[in-house]
Each structure stands twice: as C-alpha cells, then as structure tokens.
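Spelled out, the chains give:
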Amino acid sequence: MAVSVDPPPHNSTDGQTSTAAPAPDTAPGRLAEPPIPGGRVEALMGLLIKVLSHSPLARPLPAVTLSALGLAGVAFVGLCATAPKSSMATPPVLLPLTTVARNIGAPHLPDSAAIAIMYVAIGLCCLGLAMMLWANSKGWSPSPKKVFAAASGAVAVLVNITPVGSGDVASYATYGRIALLGHNPYTFAPIRLPGGAANPYTSLVSPQWRNTPSVYGPIATWTQMLAADIGGSRAWATIWILMIIAGLGFLATGYVLMRNAANPVRAALLWTANPILIAELVMAGHLDALLALVAIVAVVLSRRRPSLGNDILVGLMIGVSLGFKLNLLALGIAVPLLHDRAWLRLARTAGVSVVTVAALYLLSWGTSMLGPLASASKMVISPSPWRLVQVLAANLYGPAGEHAATTVFGFAWPPIMLALAWYLYNRLSPDVPTVVAGTCALIFSWALVAPWSLPWYTAIAWVTLALLPRNTLTRWLTLATGVLSLLHFNGGFPINPKVGPTP
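Everything numeric in this text was worked out from a predicted model, so none of it was measured.

Calculation notes
- Residues numbered from 1 in each chain as written.
- Predicted model: local features only at pLDDT ≥ 70, side-chain atom pairs only at ≥ 80, totals over all residues.
- Heavy atoms only, no water.
- Buried < 20%, exposed > 50% of the residue type's maximum accessible area, 1.4 Å probe, protein only.
- Helix = DSSP H or I, 4+ residues; strand = E, 2+ residues; numbered from the N terminus.
- Phe/Tyr/Trp six-rings, centres within 6.5 Å; stacked < 30°, edge-to-face > 60°.
- pLDDT = per-residue confidence, 0-100.
- Contact = heavy atoms within 4.5 Å.
- Salt bridge = Lys/Arg side-chain N within 4 Å of Asp/Glu carboxyl O.
- Axes fitted to C-alpha atoms, helices over the stretch in contact; angles between N-to-C directions.
- Parallel < 35°, antiparallel > 145°, perpendicular 65-115°, else oblique.
- Nonpolar A, V, L, I, M, F, W, Y, C, P; charged D, E, K, R; others polar.
- Core = buried A, V, L, I, M, F, W, Y, C linked by side-chain atoms within 4.5 Å.

Asker: I'd like to hear about helix H9 (residues 264–272), residue by residue, with values.
Answerer: The buried count for H9 comes to 8 of 9 residues, which makes it a mostly enclosed element. Looking only at H9, the buried set comprises Val265, Arg266, Ala267, Ala268, Leu269, Leu270, Trp271 and Thr272.

Next up, the structure:
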C-alpha cells in the first residue's frame with residue numbers, strides 16, 4: 001500500500017523533481033512549500049515516491065480507478081451487511097440500498113471475509129489518493145467543479161448504504177432518541193431505554209457502549225435529536241438521516257475549500273475526492289464532517305483583515321465547534337495571535353468563544369456533560385504505544401502499576417504533542433498563513449500522540465492541509481490516517497467497556 005502522496009517541490013531534499021509547478025497557495029511572490037526534513041526516514045520515503053510517482057498508476061485514469069475500487073470495496077461490505085448479526089464496525093441496520101441488495105440476493109459476508117475486503121479497500125483508497133496527487137503534480141488539473149459534482153453523486157449513493165468502519169453512528173442515533181424522550185443523554189445510558197438491549201435503538205449500539213452516556217457537545221446532541229425526531233421509532237431512519245447530514249457536511253466543507261483555496265484543484269483532491277476521508281467521514285457517518293466544516297470556516301475567517309465583526313465570528317465558530325465535540329481548533333487559532341501579540345484580537349475572540357460555550361451549556365444539559373468527558377479522558381486505545389506501557393505496568397505491578405502508568409502518561413502526552421506540533425510547524429514554510437499551518441500541525445500531532453486516537457480525528461488536519469501548498473506533510477498525514485484506518489475500522493478496543501467513545 002502506498003502511503004506517501006505529494007512529491008515535494010523541485011530542488012527538494014528527497015530528490016523528487018516536480019514536472020509541473022502547482023498553483024500558488026499563498027500570496028503572489030511567496031515561495032513554494034519546502035519539504036519537511038527527516039534524515040534517512042525522509043530519504044527512504046523519497047525513494048519510494050520516486051518509484052511510485054513514475055509508475056503507470058500515477059496517471060489520471062488508473063488513479064481515479066484505484067480510488068473508486070477502494071470505495072467500492074468498503075461499500076460492498078456495507079451492502080452485504082444483511083444478517084441480524086454484524087460486527088461493531090457495521091451496525092446491523094438496513095439502509096435503502098442495503099435493503100435492495102438483500103432483496104436481490106447479495107451474499108452475507110463472514111467476518112473474516114469482510115475484514116479482508118476492508119484491509120484491501122483501505123489500502124486502495126490510500127494508493128488512489130497518492131496516485132491522484134502525483135498525477136496532479138505532473139500536470140493533471142481536473143475541473144474542481146467537475147470533481148465536486150462527481151463527489152456529490154458518489155456521496156448521494158454512499159449515504160444510502162449501511163455505515164461501515166465504525167458503529168458510532170448507532171450511538172449518535174440512540175443519544176438523539178434518549179434526548180427526544182426527555183432524558184438527559186449525559187447521564188442516561190442507552191441500555192436504560194424501554195426494553196433494554198431489545199430496544200430498536202439500543203440493539204444497534206455495540207454492546208461495549210450500551211452503558212455509556214454521551215460524550216458529545218450540545219449541538220451534536222441537538223443534531224441527533226433532529227434525526228431522531230424524523231426517524232421516530234424507526235432506528236434505521238434516524239441513522240439514515242445522520243448519514244445524510246454527514247454527507248452534506250462533507251460536501252459543504254469541500255465547497256468552502258473550493259471557493260477559498262488558492263489552488264482549488266489540489267484542495268478538491270485532498271478533501272472532496274479523497275477516498276479515505278469519504279470512507280471515514282461519509283460512509284461511517286461521523287459528525288467530524290460537520291466539525292471540519294465549522295473549523296474551516298473559522299480558519300478562513302481568521303485570515304481576513306482584522307476587525308471587531310470578524311473576531312466575533314471567529315469566536316462564535318470556535319464555540320460552535322466545541323458544541324460538537326472537544327477539539328483543539330481554539331488553540332490553533334490562538335497561537336498566531338499570541339505570536340503576533342495581538343492581545344485585543346485574542347481577548348475578543350476568546351471572550352466570544354467562552355460566552356458561546358457557556359450559552360450552549362446553559363441552554364442544554366449544563367455541567368452534567370462534564371462527567372462522561374472526565375471518564376473518557378482516562379481511556380487508552382489498543383493497539384498503541386500507550387496501551388503497551390499500560391499492559392506492561394499492569395503485568396509487573398498489578399492494578400496499582402496500571403493506574404500509575406495511566407496517570408503518568410496522562411500528564412506526559414500533551415507536552416509531547418505540543419513539541420511534535422512545534423517541530424512540524426517550524427518545518428513548514430514561514431510564508432504560509434500561520435493559522436493554517438499551526439492548526440494543521442497541531443491536529444496532526446494530536447492524532448499521533450493522544451492515548452485515544454481514531455482516523456476520523458484527522459479531519460481538521462486534512463481540511464487545513466488543503467489550504468497549504470504542496471509539502472511532504474501530506475505523505476505523513478496519509479500514512480497516519482491509513483494506518484489508523486487499518487487498525488480501527490472495527491471501532492477500536494477500549495480498556496474499559498463501561499466508558500464510551502471519546503470526542
């Protein structure tokens with residue numbers, strides 16, 4: 001599986017020469033983005049790029065074909081989810097096209113076959129993305145509008161297929177149903193719905209999350225309530241509405257990028273036509289597609305000429321993003337203001353953000369939302385280096401050792417994340433917008449270092465990367481997203497099944 005993507009600009013340290021200069025992604029006169037130096041590792045990656053980027057696959061038709069095959073493989077798993085029993089990566093719910101597939105005799109895939117297909121499909125998605133970007137670097141320049149139209153057609157089809165890659169959307173639907181019935185989704189677990197595990201909603205939730213209250217923000221819950229109101233007692237319909245909302249959010253983000261990126265072709269390939277993102281955000285129905293939309297609006301606004309009105313809008317967008325789920329967008333936008341000592345702008349933006357978040361809490365479920373977040377913050381996903389340390393400590397020193405290890409790296413990972421973000425940021429061109437480069441590096445570092453990380457957590461990194469010129473960070477983000485996708489298309493393995501999905 002190819003996991004590196006854009007070849008670096010000409011005269012780069014890994015020996016790759018661009019045959020067609022990309023459209024500038026910064027103000028006129030600024031330099032193209034240099035590669036991120038990485039010594040031998042970057043040199044080996046460059047050698048792999050040199051071989052693959054000159055292969056017959058790095059042409060428009062083969063590249064698009066590979067991407068389509070990858071998405072088709074994931075969709076096939078969803079279409080064949082026709083049996084009541086299903087893995088936690090594929091909720092046992094029949095959406096319209098899955099129902100059609102069952103009626104015409106689509107085969108039921110054994111778990112082993114579904115897993116094998118998913119591995120191959122994710123690999124093809126990563127390879128297809130790499131080849132499309134290499135074809136673009138060699139002069140292929142598809143119309144962004146046509147790319148957007150093609151992606152819109154694909155999304156319109158894919159949201160009608162049983163969600164694949166994660167069972168989170170079933171939890172979303174159940175939290176919406178809980179709130180619609182007048183219960184507090186931050187204290188009321190899905191298993192407590194009438195009928196318990198036999199409830200139409202609860203039965204779709206993976207068993208490990210049925211005792212878990214919501215860890216998402218009030219805007220996310222209101223969105224889930226809207227879907228549940230439309231779906232009513234039909235859990236499948238609620239999930240279907242949530243899938244459609246995720247698809248619309250994904251396309252809206254692509255539209256914002258198309259209108260604001262200096263290189264809309266590259267932006268379209270990195271987001272709208274990105275098969276690994278379509279698989280993770282659209283085909284799994286994740287609300288991170290909506291979070292990415294809010295984030296890119298905030299970043300675009302923050303790049304405009306400073307004004308009171310603009311700072312208010314940025315602060316409002318930051319507050320709205322936190323209304324979906326916890327994220328680091330606020331820090332990404334604040335760092336450039338701190339660097340420039342723009343204290344007044346920082347105060348105005350932070351003030352509006354705080355007021356917005358406080359208002360959202362007051363208008364919803366108050367401080368009860370903090371309880372599930374506190375519990376979720378102690379989770380460690382497997383497989384990960386943090387989990388390995390935790391297991392070793394438990395084996396050597398018992399529960400006390402495990403608790404101590406968890407406490408130690410609970411304090412250790414944030415500074416490690418910031419150090420990595422600083423390393424990546426300093427190796428991006430100083431000519432690119434600070435807020436874009438800083439936010440991209442920060443979110444990418446978070447996805448790499450945090451004890452609980454899943455592939456869809458990279459959404460904000462991808463959407464900000466689409467605003468940057470070509471750079472070798474693209475290859476590492478593709479690698480990270482691809483590896484996380486291969487490891488966690490089953491939803492991950494929690495340490496404590498009583499604790500739910502983390503934001």
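Asker: If you had to explain the packing of aromatic side chains to someone new, which residues and values would you point to?
Answerer: In this structure the tally under the stated criterion is 11 aromatic pairs. Between Tyr175 and Tyr216, the aromatic rings sit 6.4 Å apart at their centres with planes inclined by 55°, giving tilted as the arrangement. With Tyr175 in helix H6 (residues 168–180) and Tyr216 in the loop between H6 and helix H7 (218–231), the pair connects residues that are 41 residues apart, well separated along the chain. A single burial state applies to Tyr175 and to Tyr216, both of which are buried. Relative to Phe409, the ring of Trp386 has its centre 5.1 Å away and its plane inclined at 45°; by these criteria the two rings are tilted. On the basis of relative accessible area, Trp386 is assigned to the buried category, the value being 18%. Residue Phe409 is classed as buried on the basis of its relative accessible area, which comes to 4%.

Asker: Go over the confidence of the model for the protein, please, and point to the residues and values.
Answerer: Low-pLDDT stretches of the model should not have their predicted coordinates read in fine detail. When pLDDT is averaged along the protein, the result is 86; 86% of the residues meet or exceed 70. Contacts of residues 1–34 to residues separated by more than four positions or lying in other chains number 98 contacts, the stretch itself having pLDDT below 50. For the stretch residues 83–88, pLDDT sits under 50, and the model shows 13 contacts to residues farther than four places along the chain or on other chains.

Asker: Describe the pattern of salt bridges, with residues and values.
Answerer: When charged atoms on two side chains of opposite charge get close, those side chains can pair. Evaluation of the coordinates by the stated rule reveals 3 salt bridges. Arg348 is paired through a salt bridge with Asp311; the nearest N and O atoms lie 2.5 Å apart. Placement of the pair is Arg348 in helix H14 (residues 343–362) and Asp311 in helix H12 (residues 308–324), with a sequence separation of 37 residues. Classification of Asp311 by relative accessible area gives buried; the value is 0%. Because the salt bridges share partners, they merge into one network encompassing Asp311, Arg345 and Arg348.

Asker: Outline the packing of H7 against H12, listing residues and values.
Answerer: Relative to each other, H7 and H12 sit at 60°, their axes nearing to 4 Å. Overall, the two elements H7 and H12 adopt an arrangement that is oblique. Mapping the contact onto sequence places Pro218, Ile219, Ala220 and Thr223 in H7 and Val320, Gly323 and Phe324 in H12. Of the residues contributing to the contact of H7 with H12, the split by class is 5 nonpolar, 2 polar and no charged.

Asker: Explain the nonpolar core to me, and be specific about the residues and the numbers.
Answerer: In terms of nonpolar packing, the biggest core is built from 140 residues, with Phe250 and Trp271 touching the most fellow members. Broken down by element, the residue count for this core peaks at 13 residues, all from helix H4 (residues 111–137). Excluding anything up to four places from it in sequence, Phe250 contacts Val155, Trp271, Thr272, Leu277, Ile278, Leu281, Val282 and Ala289.

Asker: Before we move on, can you summarise the environment of Arg259 with the specific residues and values?
Answerer: Looking at where Arg259 falls in the secondary structure, it is placed in helix H8 (residues 235–260). For the pair formed by Arg259 and Pro144, sequence separation is 115 residues and the distance between their alpha carbons is 9.8 Å.

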